[in-house]
Amino acid sequence: MVRALPFSIYGLVPQPSLEDLDSLGVMGARGSDGPTQTTVTLVYTLWRNPDDHDDPVNLAELDESTREALDREPPWPRPPWIVEFSRRMRYRMLWEAVRTTWTADPQEYQSLPNQLVQHVNYILMNRFRAELGIPDGPPNGPPGDEPWHARLSAVNQRARLEVDGHEVDAVEIDTDPFVYGIGAQLSSEIVVTVVIPRADLPLIRLALATRDPRGAA
């Protein structure tokens, strides 16, 4: 699906602390005339000690039930990709760290600042529930109504981001205690956003490059 898309996908530049898993998520919306919006997301393994992948510092903090599920061997054979995915689940990950979004006819809701706010809130809601005290189940109020939500007022319009070796105008959210977000409008139809947990920022070079559709080299 990704290889057939008529636009480029962007990811973080290759670096020792990150491993591109070639694991991409695709979300889309369609209208009567065809696709109206498509988003591709990237997941990375985060190596806190890239020189020794067996160092326990690279392991994720898993609850007991998750650890037991990963340790349990099912009574049926599993394909190699599931075995590898289960093994990777033991390590620290950057989930949906980079989004590339194509929109056929962008409206205000799909503007760069709005997309960055949406990406930040998605990561907060799905990766920081315990820290934010978010109860299980769907949100109780409308989007943006929760006190932890990032809002458009938090967007700094004067940031810069390296893309394919060149600095471009960008916007950022640098006010949240748990995550940092930055994004750029690369064409009238293409927006790229990046959201990284603050605890991992020292390990990561925040620069993007066009991603080879076959994955990282």
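Structural notes, computed from the coordinates. (Residues numbered from 1 in each chain as written. Predicted model: local features only at pLDDT ≥ 70, side-chain atom pairs only at ≥ 80, totals over all residues. Heavy atoms only, no water.)

### A few points about the pairing of strand 6 (residues 166–173)
Phase 1: Alignment of strand 5 (residues 155–163) against strand 6, held across seven bridges, turns out to be antiparallel. By the bridge assignment for strand 6, Arg160 is matched with Asp169.
Phase 2: Here strand 5 hands over to strand 6 after two residues, with Asp164 in that stretch at a positive phi of 50°. (Pairing = 2+ DSSP bridges. Helix = DSSP H or I, 4+ residues; strand = E, 2+ residues; numbered from the N terminus.)

### Some thoughts on helix 3 (residues 112–127)
Phase 1: The first and last C-alpha atoms of helix 3 sit 22 Å apart over 16 residues, in line with the 22 Å expected at 1.5 Å per residue.
Phase 2: Among the residues of helix 3, Leu112, Pro113, Asn114, Gln115, Leu116, Val117, His119, Val120, Asn121, Ile123 and Leu124 are the ones counted as buried. (Expected span 1.5 Å × (residues − 1). Buried < 20%, exposed > 50% of the residue type's maximum accessible area, 1.4 Å probe, protein only.)

### What to know about the packing of aromatic side chains
Phase 1: Using the criterion set out here, one finds three aromatic pairs in the structure.
Phase 2: Ring geometry for Phe128 against Phe178: centres 5.4 Å apart, planes inclined by 35°, an arrangement best described as tilted. With a gap of 50 residues between them, Phe128 in the loop between helix 3 and helix 4 (129–132) and Phe178 in the loop between strand 6 and strand 7 (179–185) connect regions that are remote in the sequence.
Phase 3: Using a relative accessible area of 11% as the deciding quantity, one classes Phe128 as buried.
Phase 4: On the accessibility criterion, Phe178 (24% relative accessible area) is partly exposed.
Phase 5: For Arg99, the ring lying beneath its charged end belongs to Tyr122, and the centroid distance is 5.1 Å. (Phe/Tyr/Trp six-rings, centres within 6.5 Å; stacked < 30°, edge-to-face > 60°. Lys NZ or Arg CZ within 6 Å of the ring centre and 35° of its normal.)

### Some points on unusual backbone geometry
As a rule of thumb, non-glycine residues mostly have phi less than zero, and peptide bonds are mostly trans rather than cis.
Phase 1: Within the chain, Glu96 stands out as a residue other than glycine whose phi angle is a positive 50°.
Phase 2: Relative to the helices and strands, Glu96 is located in strand 4 (residues 93–103).
Phase 3: Given the relative accessible area of 17%, Glu96 is considered buried.
Phase 4: A positive phi is found at Asp164, a non-glycine position, where the angle reads about 50°.
Phase 5: Looking at the element boundaries, Asp164 is found in the loop between strand 5 and strand 6.
Phase 6: The exposure class of Asp164 is partly exposed, given its relative accessible area of 38%.

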